[in-house]
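Report on the structure
What follows is the residue order along each chain.
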Amino acid sequence: MNAVQKQYKMKGMQITEYELDVPLDWASCDKNSVNHSAGNTPTITLFAREVVDINHADDELPLLLFLQGGPGGKSPRPMPGSPPWMAEALKTYRVILIDQRGTGRSSRIDSNLISKLSAEEGRDYLLKFRADSIVADCEHLRKTVYGGRLFETLGQSYGGFITLAYLSQAPEGLAACYVTGGLAGLEESAKEVYQLTYQRVIEKNQDYYARYPEDANTMAKIAQCLTNETVRLPDGDQLTLERFQSIGILLGMGPGIDQVHWLVDEAFAGSDKKRLSDVFLEQVMNITSYHEGPLFAAIHESIYGRPNESTNWAAQQLRDQFSEFDASNSPLMLTGEMIYPWMFDQISSLRPFADAANALAEYQDYAPLYDLEKLAKNKVPVVAAVYHNDMYVPRELSLKTASQVGHSQVWITNSYEHDGVRQSPEVFCKLRELLLDQGGPLKS
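So, here is what we can say about the structure in this document. (Residues numbered from 1 in each chain as written. Predicted model: local features only at pLDDT ≥ 70, side-chain atom pairs only at ≥ 80, totals over all residues. Heavy atoms only, no water.)

1. A few points about the sheet that holds strand E11 (residues 408-413)
Pairing is mixed across the open sheet formed by nine strands, whose spatial order is E1-E2-E3-E5-E4-E6-E7-E10-E11. Both outer strands of the open sheet, strand E1 (4-10) and E11, are each paired with one neighbouring strand and no more. Across the sheet, the mean angle from the axis of one strand to that of its neighbour is 20°, orientation sign disregarded. Of the strand pairs in this sheet, strand E4 (residues 63-67) and strand E5 (residues 94-99) are connected by four bridges, and their pairing is parallel. Note that in E5 the partner of Leu65 across the bridge is Ile96. Sheet strands in contact with helix H4 (residues 131-144) are strand E2 (13-23), strand E3 (43-53), E4, E5 and strand E6 (151-156), and its direction is about 120° off that of E2. Helix H5 (residues 158-169) contacts E4, E6, strand E7 (174-180) and strand E10 (382-387) of the sheet and is inclined by roughly 140° relative to E6. (Pairing = 2+ DSSP bridges. Helix = DSSP H or I, 4+ residues; strand = E, 2+ residues; numbered from the N terminus. Axes fitted to C-alpha atoms, helices over the stretch in contact; angles between N-to-C directions. Contact = heavy atoms within 4.5 Å.)

2. A closer look at the side chain of Gln14
Here Gln14 shows up in strand E2. Note on Gln14: relative accessible area 12%, which makes it buried. In this structure Gln14 touches Gln7, Tyr8, Lys9, Glu50, Val51, Val52, Ile54 and Ala57, once residues within four positions along its chain are discounted. (Buried < 20%, exposed > 50% of the residue type's maximum accessible area, 1.4 Å probe, protein only.)

3. Some words on empty space enclosed by the protein
Summary: where empty space remains is shown by rolling a probe the size of a single water molecule over the atoms. Overall, the coordinates contain five cavities of 30 Å³ or more when judged by the stated rule. The computed volume of the largest cavity comes to approximately 80 Å³. Lining the largest cavity are 13 residues, with Ala298, Glu301, Ser302, Trp313 and Leu360 sitting closest to its centre. Mapped onto the lining of the largest cavity, the elements with two or more residues apiece are helix H11 (294-298) and helix H14 (354-362). In terms of residue count, the dominant contributor to the lining of the largest cavity is H14 (three residues). Taken together, the residues of the lining of the largest cavity sort by class into nine nonpolar, three polar and one charged. (1 Å grid on protein atoms, 1.4 Å probe; cavity = no way out; pocket = protein on both sides within 12 Å on 5 of 7 lines; lining within 4 Å. Points joined across faces, edges and corners; volume = space filled by probe spheres on them. Nonpolar A, V, L, I, M, F, W, Y, C, P; charged D, E, K, R; others polar.)

4. Considering H14
Every buried residue of H14 is accounted for by Ala354, Ala356, Ala357, Ala359, Leu360 and Ala361. Taken together, the buried residues of H14 touch helix H3 (119-126), H11 and helix H13 (343-346).

5. Some details on the layout of surface pockets
Roughly 1200 Å³ of internal volume is contained in the largest pocket. If you go around the largest pocket, you meet 44 residues; those closest to its centre are Gly72, Gly73, Ile249, Glu292 and Phe296. Those elements that provide at least two residues to the lining of the largest pocket are helix H10 (278-288) and H11. For the lining of the largest pocket, the per-class residue count stands at 18 nonpolar, 19 polar and seven charged. By volume, the second largest pocket amounts to about 310 Å³.

6. Some details on the pairing of E2
Two faces belong to every sheet, and in a regular strand the side chains alternate between them. Across the 11 residues that make up E2, a large majority, nine, are buried. Across seven bridges, the pairing between E1 and E2 is antiparallel. In the strand pairing of E2, Lys9 is matched with Gln14. Connecting E1 to the antiparallel partner E2 that follows it, the hairpin turn spans two residues, and Lys11 within it adopts a positive phi of roughly 40°. Bridge count between E2 and E3: 11 bridges; the pairing is antiparallel. Across the sheet, residue Glu17 finds its bridge partner in E3, namely Arg49.

7. Re unusual backbone geometry
Residue Pro83 follows Ser82 across a cis peptide bond; omega there is -5°. Note that Pro83 resides in the loop between E4 and helix H1 (84-89). The amide bond that connects Ser330 to the next residue, Pro331, takes the cis arrangement and shows omega of 0°. Relative to the assigned elements, Pro331 resides in the loop between helix H12 (314-319) and H13.

Written out as structure tokens, the structure reads:
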């Protein structure tokens, strides 16, 4: 197994850390084997952190595996009382936080690694970091570290995509599934997804300008500055207008509209207010640079990849059909959670990924992630929060998916945005009530 354990206490929590060797390519080996370090099978590190309330450290508690959003997102780092869902879950669970492969301490993918590979090698490497491989990692963790005990899962956003792949690939490892803002479309192409999300982004822009109408003038002034001048970010990248528009990725989160407002509120410096301020440029850089997580951009469209079909920069194709995002429009419209090919030219952290990302956009030989027949016959109880105004995972697709997955129940709410589970414990508590009303989790 080759698991390394480290255990320590943190303000009412006992934390245990594990590192395991797992195959880079699960398709090339026996998933039921616990030894993958021998032979010629390349391995990577899987890192997991278990958190338990110090008062229940010796109790036999159910296991709650948290599946982070992304793709390319590491697990949250535990802090006293944060995130809110975990503070609630620790009352009754051992919480397991994995850094999904390629993130955090799980063989993080960065520019140094990818720059050593050709376009095709980089593409093939990135393909091994999709949801099916993450599920195989989780199953290996469950069987080795936890002796085959069943997991309950909490999948936030992309974590819900992984949940659906888990139910398709290894439902025998699951006792129950909570999903928050992550019931992905099972059959829709990347283009079909973006057709809906662009519409929702337009609505979020309208909400933003309705709340802060005076920001339209400031946005116009920023756009004029970026059009007429060469503006450099602190890391040396040029801040283009299209890159600035991508700060709209914030708009679908609970505090997002207010975050954008306070960002542009300090956009200009000097007594004449003609120069973009240092604080503004630093904040825009942090939002748009992907220094912390380039994997998010590199594999983003591939999460919608279907057999015999390339994604082919679907977000860019669809953007060209939505004239609302033309930079000459007033008020300036911001874009959302879309990745564009020009990002791999303009953003320094993504340039080493350019060849691999372009090869991935052309790739067609995707293995299917979801088994529709198995999902229809699913026996694992699934409870999901569907956010009515979700900018990232359209409710239309979520509700359709819920109708295609057996033993699933949804809670539709307009009280929260996409990150509701990170904002309030009510979301997890509500789903917990729904699960118990269904009879609770399956027994091991």
